[in-house]
Amino acid sequence: MTAESPEVLFVCVHNAGRSQMAAGLLERLAGGQVSVRTAGSDPAEEINPVAVEAMTEVGVDLSKEFPKPLTDDAVRAADVVITMGCGDACPIYPGKRYEDWQLEDPAGKDLVTVRRIRDEIAERVRALLAGLAPDAGN
């Protein structure tokens, strides 16, 4: 990773499912060409175990991850901020690229549903990566 690599911040309410899955997928696909962080507007105690299981199935290990609080510093450091259902909790700074991904919350869902959410996130992550680091993931 170099100082010129773009930084992406994934934000959801609990930082226990969607944002963690997106970050794990982007890190894997980007091959170090993108810096990735996650945060939650109201962080949970732990990562959703069903999300961990669904990600393990595709070779992404989230077992050592943990929910992190959303801070102004994290948003300021990011080039791209992807929100996933956190409403107005994310501060807005000029010059940042913001995207709001409307995705179902995997909290309390069964593995089949979480797999579907994971796959939808993966499609969006691939599209995001194509714009940030076109040579990554090939």
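Everything below is about the structure shown above.
Residues numbered from 1 in each chain as written. Predicted model: local features only at pLDDT ≥ 70, side-chain atom pairs only at ≥ 80, totals over all residues. Heavy atoms only, no water.

*Asks:* Before we go on, may I ask you to explain the packing of aromatic side chains in this structure?
*Replies:* Ring pairs (aromatic) are described by centroid distance and by the angle formed between their planes. Taken as a whole, this structure holds 1 aromatic pair when the rule is applied. When the ring of Phe10 is compared with that of Trp101, the centres are 5.8 Å apart and the planes differ by 55°; the resulting orientation is tilted. Here the residue Phe10 occupies a position in strand β1 (residues 7-12), and Trp101 occupies one in the loop between β4 (97-100) and α4 (111-132), the gap between them amounting to 91 residues. The same class applies to Phe10 and to Trp101, which are both buried. In this arrangement the basic side chain of Lys68 is found over the ring face of Phe66, its NZ or CZ atom lying 4.6 Å from the centre. (Phe/Tyr/Trp six-rings, centres within 6.5 Å; stacked < 30°, edge-to-face > 60°. Helix = DSSP H or I, 4+ residues; strand = E, 2+ residues; numbered from the N terminus. Buried < 20%, exposed > 50% of the residue type's maximum accessible area, 1.4 Å probe, protein only. Lys NZ or Arg CZ within 6 Å of the ring centre and 35° of its normal.)

*Asks:* I would appreciate a short explanation of the pairing of β1 in the present structure.
*Replies:* Side chains on a regular strand alternate between the two faces of the sheet. Most of β1 is tucked away, with 6 of its 6 residues classed as buried. The side-chain alternation of β1 yields two buried faces, one formed by Glu7, Leu9 and Val11 and the other by Val8, Phe10 and Cys12. By the bridge criterion, 6 bridges tie β1 to strand β2 (residues 35-40) in an arrangement that is parallel. In the sheet register, Glu7 faces β2, and the bridge partner there is Ser35. Viewed along the sheet, the connection from β1 through helix α1 (residues 18-30) into β2 turns out right-handed. (Pairing = 2+ DSSP bridges. Right-handed = clockwise from strand over helix to strand, strands pointing away.)

*Asks:* Just to check I follow, could you spell out helix α2 (residues 49-56) for this structure?
*Replies:* Residue pairs three or four apart in sequence face the same way in an α-helix, which turns once every 3.6 residues. For α2, the full list of buried residues reads Ala51, Val52, Ala54 and Met55. Along the axis of α2, the buried positions cluster into a sector of 165°, meaning they face one direction only. Where α2 is buried, its residues contact α1 and α4. The distance from a side-chain oxygen at the start of α2 to the backbone nitrogen of Val50 is 2.8 Å, and the residue carrying that oxygen is Asn48. (Arc of directions from axis to C-beta. Contact = heavy atoms within 4.5 Å. Polar contact = N/O pair within 3.5 Å; in protein donor to acceptor, adjacent residues only side chain to side chain.)

*Asks:* Can you walk me through the environment of Leu70 in this structure?
*Replies:* The residue Leu70 is located in the loop between α2 and α3 (72-77) in this model. Using a relative accessible area of 19% as the deciding quantity, one classes Leu70 as buried. It is 16 Å that separates the C-alpha atoms of Leu70 and Asp100, two residues lying 30 residues apart in sequence.

*Asks:* For this particular structure, what's the right way to read the sheet that holds strand β3 (residues 80-84)?
*Replies:* To summarise the sheet geometry, strands pair through backbone hydrogen bonds and adopt either a parallel or an antiparallel arrangement. The strand order across the open sheet formed by 4 strands is β2-β1-β3-β4, and the pairing between neighbours is parallel. Edge positions in the open sheet fall to β2 and β4, since each of these has one partner strand only. Each adjacent strand pair in this sheet contributes to an overall mean axis angle of 20°, direction not counted. Taken together, the 4 bridges between β3 and β4 define a ladder with parallel strand orientation. Note on β4: the bridge partner recorded for Thr83 is Asp100. Sheet strands touched by α1: β1, β2 and β3. Its angle to β1, the strand with the most contacts, is close to 155°. (Axes fitted to C-alpha atoms, helices over the stretch in contact; angles between N-to-C directions.)

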